[in-house]
Amino acid sequence: AQSVTQLDSHVSVSEGTPVLLRCNYSSSYSPSLFWYVQHPNKGLQLLLKYTSAATLVKGINGFEAEFKKSETSFHLTKPSAHMSDAAEYFCVVSDRNGGATNKLIFGTGTLLAVQP
Amino acid sequence: DAGVIQSPRHEVTEMGQEVTLRCKPISGHNSLFWYRQTMMRGLELLIYFNNNVPIDDSGMPEDRFSAKMPNASFSTLKIQPSEPRDSAVYFCASSFFSGTNTGELFFGEGSRLTVL
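Residues numbered from 1 in each chain as written. Chains lettered and ligands numbered in written order. Predicted model: local features only at pLDDT ≥ 70, side-chain atom pairs only at ≥ 80, totals over all residues. Heavy atoms only, no water.

## Focus: the layout of surface pockets
If you add up the space inside the largest pocket, you get close to 820 Å³. Every residue lining the largest pocket is counted, 35 residues in all, and those nearest its centre are Gln38 and Glu88 of chain A together with Gln37, Thr38 and Met39 of chain B. At the level of elements, strand E10 (87–94) and strand E12 (110–115) of chain A together with strand E4 (31–38), strand E5 (42–50), strand E9 (88–95) and strand E11 (111–115) of chain B are the ones that each hand at least two residues to the lining of the largest pocket. Looking at the lining of the largest pocket residue by residue, the class counts come to 14 nonpolar, 15 polar and six charged. The calculated volume of the second largest pocket comes to roughly 210 Å³. Every residue lining the second largest pocket is counted, 14 residues in all, and those nearest its centre are Gly43, Leu44 and Gln45 of chain A together with Phe106 and Phe107 of chain B. (1 Å grid on protein atoms, 1.4 Å probe; cavity = no way out; pocket = protein on both sides within 12 Å on 5 of 7 lines; lining within 4 Å. Points joined across faces, edges and corners; volume = space filled by probe spheres on them. Helix = DSSP H or I, 4+ residues; strand = E, 2+ residues; numbered from the N terminus. Nonpolar A, V, L, I, M, F, W, Y, C, P; charged D, E, K, R; others polar.)

Encoded structure:
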């Protein structure tokens, strides 16, 4: 079965410093992977997605993620944090089982705090 | 486009009462998802529909929960009778599924339910 593990439940950084949010996946098939962001009292929004094209994926708001098959990882990074990046971030894998699917499996989330 | 529209945004009710949450997906989308989010359990998929047909309802907690999608532009999630442990934020999301690639999920802003 497909699954994702977000290694940190909370991450705190200072404004202007790099952001690293870690995610490992488990999948029997070539996975589709996503990062979603949720700002307080809002719905989730897609940041970026990987679907077997380029391994380095660029998303909105300066975020990017690199698919590393050897490490089964899909970590989210940003060179310089902004106060508006404070939110909860979810790593997500498509629940494939040999075929295409639109069912997604969400990680438990990482709450990012940005200190001034 | 107005995005996914959910109503009500907030609902406070007493134990035993019936609760109906409503969702209007994005026009042209053929898949609709109901999620529940709590601090304890995170984001849980309750049920999803493809082309108005329920595909997977394994996440529906128990018989008190039911969901319908009578047409492509409307869905309801009903809880009868409601219990305090149903208190959560309920999200509706929609996507376009081509049958080959996992489409982006677009989330509504959620319905915050409090059962006293």
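What follows continues from the structure just given.
## A closer look at unusual backbone geometry
Following serine 7 of chain B, the chain continues to proline 8 of chain B via a peptide bond in cis, the omega torsion being -10°. Residue position: proline 8 of chain B is located in the loop between strand E1 (5–7) and strand E2 (10–13). The residue after glutamine 80 of chain B, namely proline 81 of chain B, is reached through a cis peptide bond having omega -5°. One can find proline 81 of chain B in the loop between strand E8 (74–79) and E9. Positive phi, close to 60°, is recorded for asparagine 41 of chain A, a residue that is not glycine. Locating asparagine 41 of chain A in the fold gives a position in the loop between strand E5 (33–38) and strand E6 (44–50). Overall, the relative accessible area of 58% leaves asparagine 41 of chain A in the exposed class. (Buried < 20%, exposed > 50% of the residue type's maximum accessible area, 1.4 Å probe, protein only.)

## Remarks on the pattern of salt bridges
The full count for this structure, using the stated rule, is 13 salt bridges over all chains. Taking the shortest distance from any N to any O, the salt bridge between lysine 78 of chain A and aspartate 85 of chain A comes out at 2.8 Å. Considered together, lysine 78 of chain A and aspartate 85 of chain A belong to a single accessibility category, that of buried residues. Among the ionic pairs, arginine 85 of chain B bridges to glutamate 83 of chain B, the shortest N-O distance being 2.6 Å. Judged by relative accessible area, which is 52%, arginine 85 of chain B ranks as exposed. Through salt bridges that share partners, Glu62, Arg64, Glu83, Arg85 and Asp86 of chain B make up one connected network. (Salt bridge = Lys/Arg side-chain N within 4 Å of Asp/Glu carboxyl O.)

## Side note on the interface of chain A and chain B
Contacts between the two partners involve 18 residues from chain A, matched on the other side by 23 residues from chain B. Together, Leu44, Asn102 and Lys103 of chain A form the three largest contributors to the area buried by chain A at its contact with chain B, with a combined 33%. Summed over the shared surface of chain A and chain B, the number is one salt bridge. Here glutamate 109 of chain B ties to lysine 42 of chain A by a salt bridge, and the two come within 3.3 Å at their closest N and O atoms. At the junction of chain A with chain B, the criterion picks out four residue pairs in polar contact (both at pLDDT 80 or more). Breaking the side of chain A that touches chain B down by element, the ones donating at least two residues are E5, E6, E10 and strand E11 (104–106) of chain A. (Contact = heavy atoms within 4.5 Å. Buried area = accessible area lost by both parts, 1.4 Å probe. Polar contact = N/O pair within 3.5 Å; in protein donor to acceptor, adjacent residues only side chain to side chain.)

## Here we look at the sheet that holds E1 of chain B
All names here are of chain B. Read from one edge of the open sheet, four strands run E1-E3-E8-E7, paired in antiparallel fashion. Taken across any chain shown, the strands that pair with only one partner, and hence form the sheet edges, are E1 and strand E7 (65–71). On average, each strand axis in the sheet is tilted by 15° relative to the strand beside it, whichever way the strands run. (Pairing = 2+ DSSP bridges. Axes fitted to C-alpha atoms, helices over the stretch in contact; angles between N-to-C directions.)

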